[in-house]
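A structural walkthrough
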Amino acid sequence: MTPDEAINRATRGEVLPVWLLVGQERYLREEALGVIVKSALSGGLADFNVDKFTAGEADVDKVLAAMRTMPMMAKKRVVIVRGLERWDRAANASSSASQSIAPLDMIAGYAKAPCDSTCLVLVGDELDGRRKLVALAKKSGFLVDCAAVDNRKLPGWITQRALSKGHTINRDVAELIAEIAGPDLSCLDDVLERLSLYVGPNAPITEGATAAIVTRVRLADTWKLVDAVSRKDLKVIFLLFGDVYDPRDRGLPLVGAVAWSLRQLIKLREALGQGMSLDEAAVRAGIVPAFRARELASKLRSFRPRELERWLTVLEQADLALKSSRRPAEAILEEMFTHLCRLHT
């Protein structure tokens with residue numbers, strides 16, 4: 001099941017005796033865990049009915065004993081075991097000749113006939129799909145897949161999260177936030193919380209709010225940069241760059257905003273190539289208002305086939321360098337813009 005499905009079930013009071021929360025996206029794991037624990041302990045005393053363990057640090061026999069302990073003045077006892085991948089790695093590293101039962105297999109044995117009065121929540125980054133526990137979780141329906149959200153689905157996630165906070169948000173603004181804030185859901189939720197406080201209750205989250213709170217870069221500035229690069233006008237590029245660059249973020253939001261602009265152009269080009277009218281193509285690409293679509297369609301004439309894709313490759317390389325290199329961010333960005341101008345010849 002998905003994390004949202006797990007949250008919905010727990011919210012309705014459907015507390016399973018065992019939950020296996022596995023996946024790289026920590027935010028989704030923690031969100032589901034919080035709702036499950038709250039629901040399981042509803043009406044009970046949390047201080048006396050929660051046991052927390054970390055695999056590899058706690059002995060599995062002690063964990064099993066906690067699972068079989070009756071709750072105190074509550075309907076359920078909650079046992080949380082984190083870091084399951086430690087037991088997984090230990091099992092892989094152990095000798096095949098060893099006759100001892102692996103901790104994960106012992107947990108799987110318990111999960112076949114769990115105590116009704118215990119809610120066991122198992123949490124891990126990643127587990128070998130061949131493990132008995134994983135196979136049982138899939139078959140019995142207690143596996144919660146907390147995999148990282150695909151980048152293509154991030155704007156949808158942002159839109160839904162904004163709605164949950166009481167705000168509407170245009171698709172293009174959601175895509176912009178995804179580009180400049182990155183794929184980490186904890187970071188995105190923090191960005192949306194700050195935007196929510198900035199715009200006020202029930203107000204829409206706009207491009208202007210995003211520029212004020214998340215980055216100094218406005219979409220109008222990114223289009224000016226794209227225009228200047230297409231004209232190979234380094235003087236204008238560096239003037240604009242000096243205006244929007246913030247050394248505190250090493251220019252990462254700037255790179256993300258320019259990448260967003262290029263993807264808008266690519267989506268519009270593909271839609272027009274499929275024979276759509278300009279209005280239809282603008283809807284497909286998520287471009288509003290109409291005058292912006294006309295401007296972008298005009299820009300497309302100055303680009304050769306696959307040139308925009310090559311630009312995106314340059315931006316991805318700059319993004320990686322900004323995150324991993326010790327070189328000054330200004331030097332990396334200046335080199336990026338110079339390289340883009342050289343490509344457009």
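Quantities reported herein were computed from a predicted structural model and do not represent experimental measurements.

1. Focus on the packing of aromatic side chains
All chains considered together, the criterion is met by 4 aromatic pairs. Each ring, one from Phe303 and one from Trp311, has its centre 5.1 Å from the other, and the planes form 85 degrees; the classification is edge-to-face. Summarising the burial analysis for this pair, Phe303 and Trp311 share the class buried. A connected cluster of aromatic rings, assembled from ring pairs, spans Phe241, Tyr245 and Phe337.

2. Describing the environment of Asp246
Residue position: Asp246 is located in the loop between α12 (234-244) and α13 (252-273). Asp246 gets classed as buried once you look at its relative accessible area, which sits at 12%. Sequence spacing of Asp246 and Glu330 is 84 residues, and the spatial spacing of their C-alpha atoms is 9.8 Å.

3. So, a nonpolar patch on the surface
On the surface, a nonpolar cluster with roughly 410 Å² of combined accessible area is contributed by Leu45, Phe48, Met72 and Met73. Note on placement: Leu45 falls in the loop between α2 (26-40) and β2 (50-54).

4. Points about the confidence of the model for the protein chain
Across the protein chain, pLDDT averages 85, with 94% of residues at or above 70. Helix α4 (residues 84-93) is the least confidently modelled element of the protein chain, averaging 75 in pLDDT, while strand β1 (residues 18-22) averages 94, the highest of any element. Long-range and interchain partners of residues 95-99, a stretch whose pLDDT sits below 50, account for 0 contacts in this model, where long-range means more than four residues apart.

5. As for the environment of Ala297
Note on placement: Ala297 falls in helix α15 (residues 290-300). The residues touching Ala297, leaving out its near neighbours within four places in the chain, are Leu268, Leu272 and Leu278.

6. Quick look at the nonpolar core
Of all hydrophobic cores here, the largest spans 119 residues; its most connected members are Trp19, Leu20, Leu21, Val81, Ile107 and Ile177. In terms of residue count, α13 provides more of this core than any other element does, 11 residues in total. Sequence-distant contacts of Leu21, that is, excluding residues within four places in its chain, are made with Arg29, Ala32, Leu33, Ile36, Val121, Leu122, Val123, Gly124, Val144 and Cys146.

7. Re α12
Of all the residues in α12, the buried ones are Ile237, Leu240, Phe241 and Val244. Considered in projection along α12, the buried side chains sweep an arc of 105 degrees and stay on one side of the axis. For α12, the exposed residues lying more than 90 degrees away from the buried face are Lys235, Leu239 and Gly242.

What counts, and where the lines are drawn
- Per-chain numbering applies: the sequence of each chain, read as written, is numbered from 1 onward.
- Residue-level local features of this predicted model are given only where pLDDT is at least 70; pairs of side-chain atoms are given and counted only at 80 or more, and the full residue set underlies all totals for whole chains, interfaces and linings.
- Each side-chain value is derived from all of the structure's non-hydrogen atoms; neither hydrogens nor water enter the calculation.
- Aromatic rings from Phe, Tyr and Trp, with only the six-membered ring used for Trp, were paired whenever their centres fell within 6.5 Å, and each pair was classed as stacked if the ring planes differed by under 30 degrees, edge-to-face if by over 60, and tilted otherwise.
- Buried means the residue's accessible area, taken with a 1.4 Å probe over protein chains only, is under 20% of the maximum for its type, while exposed means over 50%, and partly exposed covers the values in between.
- In DSSP terms, a helix is any run of H or I states spanning at least four residues, a strand is any run of E spanning at least two, and both are numbered starting from the N terminus.
- Residues forming no salt bridge and having over 30% relative accessible area are the ones grouped into patches, like charges within 9 Å of each other and nonpolar side chains (Val, Leu, Ile, Met, Phe, Trp, Tyr) within 5 Å.
- Where accessible areas are quoted, they stem from the Shrake-Rupley method and a 1.4 Å probe; at the residue level, only the protein chains shown are allowed to cover.
- What counts as a salt bridge is simple: a side-chain nitrogen of Lys or Arg found within 4 Å of a carboxyl oxygen of Asp or Glu.
- The predictor rates its confidence in each residue with pLDDT, a number between 0 and 100.
- When checking whether two residues touch, look at their non-hydrogen atoms; a contact exists if any pair is within 4.5 Å.
- Definition of nonpolar core: a set of buried residues of the types Ala, Val, Leu, Ile, Met, Phe, Trp, Tyr and Cys, connected through side-chain atoms within 4.5 Å.
- Here the arc refers to the set of directions running from the helix axis out to each C-beta atom.

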